[in-house]
Structure formats: structure tokens, C-alpha cells
Amino acid sequence: MLPGVGVFGTGSTARVLVPLLRSEGFEVHALWGRSEEEACSLAKELGIPFHTSQSDDVLLHPDVDLVCIYIPPPLTRQIAVKALGIGKNVVCEKAATAVDAFKMVTAGLYYPQLLSVVGNTLRFLPAFVSMRQLLAKGYVGELQVCDVRVYGPSLLDQSYGWTCEELMGGGGLHTVGSAIIDLLSHLTRARARRVHGLLRTFVRQNSSIHGIRRVTSDDFCFFQMLMGEASSGLGSGPGSEPGGVCCTVTLNFNMPGAFVHEVMVVGSAGRLVARGTELFGQLNGASGEELLLGESGDVGPEGRDLPLPHLRGLGSMVTALRHAFQAHEERRSWARGPVAMAATFEDGLYVQTVVEAVKLSSRSGEWESVEVMTQEPDPNHNLCEALQRNKN
């Protein structure tokens with residue numbers, strides 16, 4: 001028996017997610033929006049029987065056992081932690097800060113019987129599933145370099161909101177870069193130890209955002225990561241030693257037109273390249289690339305607002321969720337196997353730590369270490385330091 005679903009959010013992801021859930025047999029019982037108008041409008045459009053702007057109304061809904069949270073980052077932690085606390089399974093987007101992510105990790109560990117995953121859909125995209133398998137089998141030999149390019153139009157909303165504010169989780173690094181950081185760690189089975197980055201905001205005002213309001217979120221980002229020790233599945237040569245895997249990522253959201261999403265991994269024996277949703281490979285000495293996995297299926301009109309890799313990955317993730325819950329007769333029980341590749345809350349904390357290290361590097365101009373917090377910082381720490389300095 002599949003659990004009933006409550007969806008938080010009225011954006012493009014939520015608009016696509018509801019039909020995908022229904023196609024896999026889930027029933028969507030409730031929808032939350034930041035305003036009654038937003039929630040009512042989308043609920044009528046998608047035929048969802050209950051809508052609200054009060055989060056508790058969804059969390060306490062008797063037919064909701066799985067909560068999908070796709071809302072502005074500053075709100076994610078509060079709803080995810082509360083949902084776990086009252087016994088709901090959770091699939092959510094990234095948090096706004098490492099401190100928020102740490103609180104989510106704590107809640108997930110306290111309720112280990114509940115599903116708690118970060119919905120990074122790229123992990124489920126068939127091209128990256130195949131890429132990870134081929135890397136483990138040694139297709140490219142000793143892994144040496146990862147190179148990622150993501151180009152597209154502006155990420156800003158039509159009106160001033162969280163997407164404009166760096167402190168609220170807006171910008172290419174947090175919105176798209178976090179998914180890339182998670183994907184690279186998933187593919188290489190390694191984690192970033194040191195990073196170096198550069199962030200820029202080229203469009204600070206436009207026809208919709210002007211006057212005293214200015215955009216602070218980045219629309220261009222370039223960063224490098226030196227990855228730590230990889231698992232034995234990728235070999236034990238120089239490319240797998242701590243710091244041996246070099247990753248470069250370029251994100252540019254000042255390019256209207258075709259969306260570009262390319263992930264390339266290079267090793268001693270060859271390379272693999274995922275362009276969009278297709279996977280290509282070329283071994284050293286080969287005359288050209290070989291198509292290893294092609295595109296399939298059309299995109300419905302409801303999915304045209306999402307980049308194709310994320311859309312395809314979202315569909316595969318929903319299918320995995322169905323398999324996980326179908327394995328048990330009780331609505332809230334689930335099997336770990338079908339969603340084993342999903343990003344955990346611990347992965348979310350690591351990714352947010354890398355994001356903040358890249359931001360720090362952009363300000364300092366130096367390489368910065370990635371140190372994942374093991375305990376929540378004292379909220380009064382800065383105040384105590386200031387008082388101590390005044391005392392002295």
C-alpha cells in the first residue's frame with residue numbers, strides 16, 4: 001500500500017511532481033502554498049482535494065504519510081524536522097545553511113525508521129546511474145579529472161524574492177551547484193577536502209527588480225574541488241589518492257537559449273561524458289565517441305519549465321519511491337534498497353558545507369578546507385567573543 005502524499009510548494013517542481021506521483025500510483029491528498037491564493041490556484045489546476053497556507057494542516061492530515069518539500073530553502077529545515085517529529089516520511093530540497101542541514105541530520109538520526117532523503121534527482125538520472133556503474137567497473141581506468149559545465153537563462157523569479165538573495169539560498173551555486181557537488185561525490189565515491197571558487201553577480205537589477213532592490217545572488221560561478229580518498233571500486237592509483245581527483249565546475253546563468261548540462265569524467269584509460277540525458281564514452285585510442293545511453297520519450301507541457309536532466313531524474317526518483325513503499329504492506333514502512341542511491345540528510349550537510357566553503361573562498365581568494373560540523377554551534381558564540389574582547 002502506497003502512502004498518501006502531501007506536497008509543499010507551488011513552483012515548477014511541484015507542478016511536475018504531482019502528475020509524476022499519480023502516474024506511479026500515489027494519491028496526493030494535500031498541497032501547501034505560501035499564500036492561500038497560490039495554494040488554491042494550483043490545487044484547482046491539479047485536482048488536489050485539500051489546500052492550505054498553514055503547514056500544520058498538511059503535516060497533521062490523516063491521509064498524509066509522505067511529505068514532499070519543494071519550497072524556498074529558508075523554510076525547508078523547519079518543516080522537514082517537524083514532519084519527522086510527528087512520524088511522516090520526508091523527501092525534501094536542500095536547506096539554506098549548514099546549521100539548518102545539521103538540524104535536519106539530527107532529526108533524521110532520531111527517527112531512523114522514517115524515510116528522510118534530499119531529493120537530488122540527478123542521482124537517479126539513468127545516464128548518471130550508468131556512469132557510476134561504468135566508473136566502478138574501471139571503464140576510464142584511474143579517475144583523474146571531472147569537468148562540469150551548466151549554462152542557461154536567468155534563475156531569477158519574475159518578482160523580487162528568495163532567488164534574488166544570497167543569504168536566502170538564491171543563486172546558481174546554491175540552486176544548481178549544490179546538486180552538482182552532490183552528484184560528483186556520488187559518482188566518484190569521494191568527498192571534497194579543499195575548494196577554490198569565484199562567484200559573480202552580473203545582473204543586479206532588471207525591469208522587474210529595480211529601485212532600492214538589488215540582486216545579491218550569483219549568476220556566474222566557477223569553482224574547483226580537490227577530492228578526498230575514493231573507495232576501492234575506483235582503483236588505488238594516483239587518481240584515487242586523497243586530493244588526486246580534480247573537479248572543475250562552471251555555472252553561467254546569463255545565457256538565454258538552449259540549456260547546456262555536461263558532466264565529463266576523465267581517467268587513464270578514457271572518458272565518459274553525460275550531455276543532457278545522453279551518455280557517451282571514448283576509450284584512449286578510439287577514433288570517436290560511442291553513444292552508450294540515448295534519449296527516450298517526449299516531455300509533456302507540464303515539464304518544460306524544468307531542465308531535462310532534472311525532469312528525467314525526478315521521474316526515476318518517484319519510480320524508486322514507489323518500489324520502496326510497495327515492498328511493505330504498511331503505508332509508512334519502506335525498503336531501503338530501491339532508494340539506496342538517494343542523498344541522505346548527511347549528504348545534504350556535506351554539500352551545504354562545500355557550498356559555504358566555496359563562498360568563503362570567493363571572498364578570501366584562497367583555497368579553503370571543507371570541514372563538516374559535528375556539533376551545532378552555539379548561537380551566542382559571536383556575542384560571547386565580543387563581550388570577552390570588551391572585557392579585556
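Use the structure listed above.
Here is a short report on the structure shown in this document. Because the structure is predicted, anything quoted here is derived from the model rather than measured.

### Side note on the overall build of the protein chain
Item 1. Within the protein chain one finds ten helices and 16 strands.
Item 2. Its C-alpha radius of gyration of 21 Å places the protein chain within 12% of the 21 Å reference for a compact globule of 392 residues.
Item 3. Counting only C-alpha atoms and orienting by the principal axes, one finds that the protein chain spans roughly 65 × 60 × 45 Å.
Item 4. Residue pairs in contact within the protein chain that sit at least 24 positions apart in sequence constitute 68% of those at least 6 positions apart.
Item 5. In the structure as shown, the protein chain presents an accessible area of about 17700 Å², 52% of it carried by carbon and sulfur atoms.
Item 6. Averaging the positions of the 33 positive and the 41 negative side-chain charges in the protein chain gives two centres separated by 2 Å.

### Things to note about the sheet that holds strand β12 (residues 270–275)
Item 1. Read from one edge of the open sheet, nine strands run β14-β13-β12-β11-β7-β10-β9-β8-β16, paired in mixed fashion. Of all strands in the sheet, those with a lone pairing partner are β14 (290–293) and β16 (368–369), marking the two edges.
Item 2. Of the strand pairs in this sheet, β12 and strand β13 (residues 278–283) are connected by six bridges, and their pairing is antiparallel. Opposite V273, over in β13, you have F280 as the bridge partner.
Item 3. The sheet contacts of helix α6 (residues 126–136) involve β7 (143–151), β11 (260–267), β12, β13 and β14, and relative to β12 the element is tilted by about 170°.

### Observations concerning a negative patch on the surface
Item 1. A grouping of E36, E37, E38 and D57 is seen on the molecular surface, where their side chains present a negatively charged patch.
Item 2. In terms of residue count, the dominant contributor to the negative patch is helix α2 (residues 36–46) (three residues).
Item 3. According to the relative accessible area criterion, E36 is partly exposed, its value standing at 38%.

### A few points about helix α9 (residues 345–364)
Item 1. For α9, with 20 residues, the first-to-last C-alpha span of 29 Å sits near the 28 Å given by 1.5 Å per residue.
Item 2. Here α9 lies mainly inside the structure; 14 of its 20 residues are buried.
Item 3. G365, located one to two residues past α9, shows a positive phi value of around 75°.

### Thoughts on the nonpolar core
Item 1. Judged by nonpolar contacts, the single largest core of 45 residues is most densely connected at F128, M131, L184, F223, M225 and V354.
Item 2. For this core, the leading source of residues is helix α7 (residues 172–188), giving eight residues.
Item 3. In terms of nonpolar packing, the next biggest core, distinct from the first, is built from 34 residues, V16, L46, L321 and A342 among them.

Conventions used here
- Residues numbered from 1 in each chain as written.
- Predicted model: local features only at pLDDT ≥ 70, side-chain atom pairs only at ≥ 80, totals over all residues.
- Heavy atoms only, no water.
- Helix = DSSP H or I, 4+ residues; strand = E, 2+ residues; numbered from the N terminus.
- Rg over C-alpha atoms; globule rule 2.2 N^0.38 Å.
- Contact = heavy atoms within 4.5 Å.
- Areas by Shrake-Rupley, 256 points an atom, 1.4 Å probe, with all protein chains shown as cover.
- Lys, Arg positive; Asp, Glu negative; His and termini not counted.
- Charge placed at Lys NZ, Arg CZ, Asp CG, Glu CD.
- Pairing = 2+ DSSP bridges.
- Axes fitted to C-alpha atoms, helices over the stretch in contact; angles between N-to-C directions.
- Patch = residues over 30% accessible without salt bridge, like charges linked within 9 Å, V, L, I, M, F, W, Y side chains within 5 Å.
- Salt bridge = Lys/Arg side-chain N within 4 Å of Asp/Glu carboxyl O.
- Buried < 20%, exposed > 50% of the residue type's maximum accessible area, 1.4 Å probe, protein only.
- Expected span 1.5 Å × (residues − 1).
- Core = buried A, V, L, I, M, F, W, Y, C linked by side-chain atoms within 4.5 Å.

Shape is all these values report; function is a separate question.
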